[in-house]
Every structure is written in C-alpha cells, then in structure tokens.
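Residues per chain are reported as follows:
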Amino acid sequence: MTDPTWLEILVRIIAGEEAEQPTEGLVAVRLDQRSEELSRFRVWKHGPRWRVEHLSGQLRSIQGDRYTYTFEDEDGEFEQPRRTERARGDHPHDEVSLVLRRREPWDWRPDGSDYDRPAARPERTTFLGRDAWEVRLAPPRHKNGELVEVVDALDGRLLAQSNTVHGDFARWEELRVVESLPDDLFAWDGPFSAVHAFGEDDVPDELREEVEVQRRAEEAFVASLGLGDLWVASSGDTFGHVDDGGGGALVHWSASAGFHLLRHPLGSPVDEEDEGAEQTVWTDDRWRWTLVTTGVEPRARRRLVEDLQERTRSLSATPDP
C-alpha cells in the first residue's frame, strides 16, 4: 500500500516547478564523489530557468526557456559552452544542474531500478526557515545506502540530498525569495557548440539544405525498418490506496515499454551502451546492431529480438536508403 502523504509529496516533486517563486541563493554541491568536500555556487532560479555561477562570477550553467548552456564540468572549462535543447529531452551532465532540475515523471516508476520508493514514512521538518519534508528513499539492488532528500513542502524543490552511507551530496545553504529576476539572467547570445545546435525555427540559411538532407535520411532509415506493425509487450506497475474513514479506494495501473536500436560499422569501438543486462548485440555482413530495451517482459523481448534481427538482415542486404 502506498502512503498517501508520499503521493502528495511526489505530485509536488513532479509538477510543482511552475509554482516556484523567483529565488536566489547559495548551493553547495559535492563534485568529486571520492571526496567529502562541497563546492559552492551562486544560483538564481525561477521555475525551470536557472543561472549558476562560481563565487568569482565565472559561469557554470544557464538554463532558459528552450536551451541549457553548460560552460564546464568536472573535467574543466569548455572552449565554448555546450548547448542542449530542452524540447528534445536533452539534459546537461553537470552535478549542479542535477540538483536544480527535477527528475522526469517516469523516473519515479517503482520498478526497483533507482531510488524510486520511500523506505519510511516522510517526516515533517524545516530547512532554511521553509516548511519541508524529509524523505528516505530505499536503495535499488545495485546501490548502497538510503537516499535522504529534503523536499520543499510548497513547491517540491530539492533542498538537500545525502546518502546514509556516502554522506552529503548537495544542499541549499542560502535561499531568498525575491520580487523578480530579469530575463537576461537566463539567456546566452555568445558562441556555443552542440550536436543538435538548432531548432526548426532558427536554422541559418547556409545550413538549411544540409539539415534537410539529414532529416530526409533519418526518415528514410526509420521507414526502411518497417516498425509500424511492431508491438512491444510490457509489465504494469500497480498501487492502491484505501480511505480508512470513508471506505473509498483508488487503484492505479500504468505500463510503458520501449527500445533503442543502434547501428555501428563492423570493427568500430564498443560504446558503454553496448553493455548491460537488457541489451542484445548481433552482427551481419555490414553492421553491428545493439538492442536496448526498457520495461519489456523477457518472453516478449525474445520475440522482439527475433523480429528485429530479421528486419535488420533484410535491410543490410539492400543499399542504404
């Protein structure tokens, strides 16, 4: 049975970002997991937008309405900030950003693959003078220690995070609500680098033809696999709640499943995504194929592998689309 208090907190964690007031403050983050030392950054945040600077004023990251710009990571400063597009679901791989952005709703599916369910009943607390909840999340099988999160009771933002084995990860050390924050805090008009650098409405004219050729090639490749008649079975997650007083009851059931199919030339280096318990690799005369599945039942997964192997063998016997 799922604790109704936890469900209320989870709703705020997932959907409360738009309710955030404009704030500024100081965030301490553990950048090196081998050290207990915390690094401190100035932060301005309003809803999903943020700006992070070193105490010296050097930029660390900016997230605006459409794009996130990351100026450095644990390996040092980039020659040009890296831009990721929020609409594509791309996220910056920066420890400070991980504190400020919220986990996706599907990350909270109670499937035991992450810290996704409470280990104890949430406890009321205060943090920096704000009403909050302390939530202890049970570890998945491949991790150690409970994850302890202090969550703002009003908007569900993460205020502090630690592990019962590994110590502190991050915390707000100053947090002040302000009347407003200027839009230019969350904008960047300088040079940048990106794999997907442009949205559909801001492609430079000199690159438009090249982008269109790439788009047609992607569409042709997907069409050549003929996936329109493919079904993937998945297992559902179920939780319920019974009202002790009135006798009412709630049952919630949800399911999702998907896969990634990667194609690499024979003899190319094996990437990290080629390794894992839910991945299958096969080769033909031209390519190495890697199938990565999520939420697919083992029996359905075997049928999926057989189906895709047949499709890719047929595809490899024909010229590239």
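The coordinates are above.
This is a predicted model, so every value here is computed, not measured.

## Observations concerning the pattern of salt bridges
If the charged atoms of two oppositely charged side chains come close together, the side chains can form a pair. Scanning the model with the defined rule gives 25 salt bridges in all. Across the pair Asp152 and Arg130 runs a salt bridge whose closest N-O atoms are separated by 2.5 Å. One end of the pair, Asp152, is in strand β9 (residues 147–152); the other, Arg130, is in strand β8 (residues 130–137), with 22 residues separating them in the sequence. A relative accessible area of 2% means that Asp152 is categorised as buried. When the shortest N-O distance is used, the salt bridge between Glu173 and Arg171 registers 3.1 Å. When its relative accessible area of 23% is taken as the criterion, Glu173 is described as partly exposed. For Arg171, a relative accessible area of 24% puts it in the partly exposed group. Beyond isolated ion pairs, a larger network of salt bridges with shared partners links Glu17, Glu20, Lys45, Arg102, Arg130, Asp152, Asp155 and Arg157.

## Some thoughts on the packing of aromatic side chains
Per the counting criterion, the structure on display carries 4 aromatic pairs. On the basis of an interplanar angle of 65 degrees and a centroid distance of 5.7 Å, the ring pair of Trp6 and Trp108 is categorised as edge-to-face. Linking Trp6 in helix α1 (residues 4–15) with Trp108 in the loop between α2 (95–100) and β7 (123–127), this pair joins segments that are 102 residues apart in sequence. When sorted by exposure, Trp6 lands in the same class as Trp108, which is buried. Centroid distance Phe71 to Trp188: 5.0 Å. Interplanar angle 90 degrees. Geometry classified as edge-to-face. Of the two residues, Phe71 is situated in strand β5 (residues 67–73) and Trp188 in the loop between β11 (167–177) and α3 (205–225); the sequence distance between them amounts to 117 residues. For Trp188, a relative accessible area of 30% corresponds to the partly exposed category. Three or more aromatic residues joined by ring pairs make a cluster, and in this case those are Tyr67, Tyr69 and Phe192. For Arg157, the ring lying beneath its charged end belongs to Trp172, and the centroid distance is 5.8 Å.

What counts, and at which threshold
Residues numbered from 1 in each chain as written. Predicted model: local features only at pLDDT ≥ 70, side-chain atom pairs only at ≥ 80, totals over all residues. Heavy atoms only, no water. Salt bridge = Lys/Arg side-chain N within 4 Å of Asp/Glu carboxyl O. Helix = DSSP H or I, 4+ residues; strand = E, 2+ residues; numbered from the N terminus. Buried < 20%, exposed > 50% of the residue type's maximum accessible area, 1.4 Å probe, protein only. Phe/Tyr/Trp six-rings, centres within 6.5 Å; stacked < 30°, edge-to-face > 60°. Lys NZ or Arg CZ within 6 Å of the ring centre and 35° of its normal.

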